[in-house]
Amino acid sequence: MSTTILLGLLLVTLAGALEGLFSLGVTRTPKWAWENSWGLGSLIALVLVPWPLALFTVPSLGEIYGSVSGVKLLLTFLFGIGWGLGGIYWGKAIAAVGMALGVSLLMGLINIFGSLTPFIIFQGNKLGTGGGMALIGAIALMVVGVVCMARAGSIKERDVNNTPVGSGKPSTPFAVGLLFCVLSGALSSLVNFSFIFGDDIAKQAARSGAPGWAAGFAIWALVFTGNYLVNFIYALALLIKNRTFGRFREGGASHWFWALFMGLAWPGGIAIYGIAAYMLGEYGAYVGFPMMLVISILFGNLAGAMSGEWKAASRNAISWMVGGVAVLVCALVAMGWANNLLAN
């Protein structure tokens, strides 16, 4: 394995860690409503970070956009909007079908739509090769691991609340909840489509003098702006509806710190993923994306364990969680192996 690919794998790990931990900015701001922490955090993450980053690292950014097909620019921006909509439907899906089934379906669908689908579209000739089969097997392993962890979470909720798993009656019909899962899975995966379809933008940025690792920033500036448009409208509507503007005065410096943390970790993870995908080689966007998802799940659950979420969990729940983590680690190793096979 080359040094460049090894560095790419390390960067994928860092990207996944940031993506798994950035939502701490929401959980650590109890005096703010969701729309306060998410609205401010997304402003920093999706506008105030990516645009200066692109402007400082990509020479003649405006000229680059002018030289690329308008259709490519529009699609890249629209994929960002779709990514933002996927986040909204994520919450609706979990509320409708429950955490256990919801997380399993969503993570599986995001992998299928975000990794396998573009791989089949753009690299279909590699599907029957050893690397292609290894990638399919690794993603299947990831789905199994997510199911195990979702089961662990479901048992933990039963332990904490002393109620049967699935005894709650969601207000949304189950069929509609499944539709939300499909919509969220498909839309959330569009962040990876934007990186693949926006390849012409990155290539033009490289021709203009941007370092190879930074060329993707020209893509992310457009994608993040599309995402922010959705988040801005949604958060503003909630701020007005719930009259929560005044809560920005509560919580003190700690709340603003966590909003800043969210605002830096979220785009930081995506930007680092772009660099990692570049270093992983021709197939980095297809293998790196599910790897980042696996690592984000692991770090997200690690953060939950460190904050005491699993103190009241039974041995059965912890066993399911440990088993799920073990399967995800195996999936992660398999994804690295798949990338190596595809590259060779």
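Residues numbered from 1 in each chain as written. Predicted model: local features only at pLDDT ≥ 70, side-chain atom pairs only at ≥ 80, totals over all residues. Heavy atoms only, no water.

**With respect to the overall build of the protein**
When its secondary structure is counted, the protein shows 15 helices and zero strands. Its C-alpha atoms give the protein a radius of gyration of 20 Å, near enough to 20 Å, the size a compact globule of 344 residues would have. For the C-alpha atoms alone, the extent of the protein along its principal axes is close to 60 × 50 × 35 Å. Residue burial in the protein is summarised as follows: out of 344 residues, 50% are buried. The long-range share in the protein, meaning contacts at least 24 apart out of those at least 6 apart in sequence, stands at 85%. Surface summary for the protein: the accessible area is close to 15400 Å², and the carbon and sulfur share equals 69%. Of the charged side chains in the protein, 17 are positive and 10 negative; the average position of the first set lies 10 Å away from that of the second. (Helix = DSSP H or I, 4+ residues; strand = E, 2+ residues; numbered from the N terminus. Rg over C-alpha atoms; globule rule 2.2 N^0.38 Å. Buried < 20%, exposed > 50% of the residue type's maximum accessible area, 1.4 Å probe, protein only. Contact = heavy atoms within 4.5 Å. Areas by Shrake-Rupley, 256 points an atom, 1.4 Å probe, with all protein chains shown as cover. Lys, Arg positive; Asp, Glu negative; His and termini not counted. Charge placed at Lys NZ, Arg CZ, Asp CG, Glu CD.)

**Considerations on the nonpolar core**
Grouped together as the largest cluster of nonpolar side chains are 82 residues, with contacts concentrated most on Met142, Ile201, Trp220 and Trp266. Once residues lying within four places of it in the same chain are set aside, the contact partners of Met142 are Met107, Asn111, Pro290, Leu293, Val294, Ile297, Leu328, Ala331 and Met335. (Core = buried A, V, L, I, M, F, W, Y, C linked by side-chain atoms within 4.5 Å.)

**Focus: a nonpolar patch on the surface**
Together, Leu229, Phe232, Ile233, Leu236, Ile240 and Phe245 make up a nonpolar patch on the protein surface, roughly 540 Å² of accessible area in all. By the secondary structure assignment, Leu236 is in helix 12 (residues 217-242). (Patch = residues over 30% accessible without salt bridge, like charges linked within 9 Å, V, L, I, M, F, W, Y side chains within 5 Å. Salt bridge = Lys/Arg side-chain N within 4 Å of Asp/Glu carboxyl O.)

**Topic: the packing of aromatic side chains**
Within the structure shown, the criterion is met by 24 aromatic pairs. Their ring planes at 55 degrees and their centres at 5.5 Å tell us that Trp83 and Phe224 sit as a pair that is tilted. With Trp83 in helix 6 (residues 70-97) and Phe224 in helix 12, the pair connects residues that are 141 residues apart, well separated along the chain. For the pair shown, Trp83 and Phe224 are each scored as buried. Clustering of aromatic rings is evident, with ring pairs tying together Phe22, Trp34, Trp38, Trp83, Phe195, Trp220, Phe224, Tyr234, Trp266, Tyr273 and Phe289. (Phe/Tyr/Trp six-rings, centres within 6.5 Å; stacked < 30°, edge-to-face > 60°.)

**So, the packing of helix 1 (residues 3-21) against helix 13 (residues 252-279)**
Between helix 1 and helix 13, the shortest axis-to-axis distance is 8 Å and the interhelical angle comes to 155 degrees. Compared by their axis directions, helix 1 and helix 13 come out roughly antiparallel. For the pair helix 1 and helix 13, the sense of crossing is left-handed. Contact residues: Thr4, Ile5, Leu7, Gly8, Leu11, Val12, Leu14, Ala15, Leu18, Glu19 and Leu21 in helix 1; Phe261, Ala265, Trp266, Gly268, Gly269, Ile270, Ile272, Tyr273, Ile275, Ala276 and Met279 in helix 13. Split into classes, the residues belonging to the contact of helix 1 with helix 13 amount to 17 nonpolar, four polar and one charged. (Axes fitted to C-alpha atoms, helices over the stretch in contact; angles between N-to-C directions. Parallel < 35°, antiparallel > 145°, perpendicular 65-115°, else oblique. Left-handed = near helix turned anticlockwise from the far one by under 90°. Nonpolar A, V, L, I, M, F, W, Y, C, P; charged D, E, K, R; others polar.)

**Considering helix 10 (residues 190-197)**
Across the eight residues that make up helix 10, a large majority, seven, are buried. Buried within helix 10 are the following residues: Leu190, Val191, Asn192, Phe193, Ser194, Phe195 and Ile196.

**Re the environment of Met291**
Counting through the fold element by element, Met291 comes out in helix 14 (residues 284-306). With relative accessibility at 4%, the residue Met291 sits in the buried group. In sequence terms Met291 and Ala15 are 276 residues apart; their C-alpha atoms lie 9.7 Å from each other. Non-local contacts of Met291, meaning those with residues more than four positions away in its chain, are made with Leu9, Val12, Leu332, Met335 and Gly336.

**Quick word on the pattern of salt bridges**
Throughout the structure, instances matching the rule amount to two salt bridges. Between Asp199 and Lys203 there is a salt bridge, and its shortest N-O distance comes to 3.2 Å. Taken together, the positions of Asp199 and Lys203, both in helix 11 (residues 199-207) and four residues apart, correspond to about one turn of that helix. The partly exposed category is assigned to Asp199, whose relative accessible area is 33%. Residue Lys203 is classed as partly exposed on the basis of its relative accessible area, which comes to 44%.

**So, the environment of Met149**
Checked against the element boundaries, Met149 lands in helix 8 (residues 130-161). Met149 sits in the buried class, given a relative accessible area of 6%. For the pair Met149 and Trp83, spaced 66 residues apart in sequence, the C-alpha to C-alpha distance is 24 Å. Those residues within four positions of Met149 in sequence are excluded, and the remaining contacts are Ile297, Asn301, Met321, Gly324, Val325 and Leu328.

**Focus: the confidence of the model for the protein**
Summarising the model, the protein shows a mean pLDDT of 85, and 92% of its residues fall at 70 or more. Looking across the protein, the model is least confident in helix 7 (residues 99-123), with a mean pLDDT of 73, and most confident in helix 5 (residues 61-67), with 94. Under a pLDDT of 50 for its full length, residues 165-170 has, in the predicted model, six contacts with residues more than four places off or in other chains. (pLDDT = per-residue confidence, 0-100.)

**What to know about the state of the cysteines**
Scanning all chains against the criterion turns up zero disulfides. Here Cys148 stays unpaired: no disulfide links it, and the sulfur of Cys330, its closest cysteine neighbor, is 11 Å away. Unpaired in this structure, Cys181 has its nearest cysteine sulfur neighbour in Cys148, at a distance of 18 Å. (Disulfide = S-S within 2.5 Å.)

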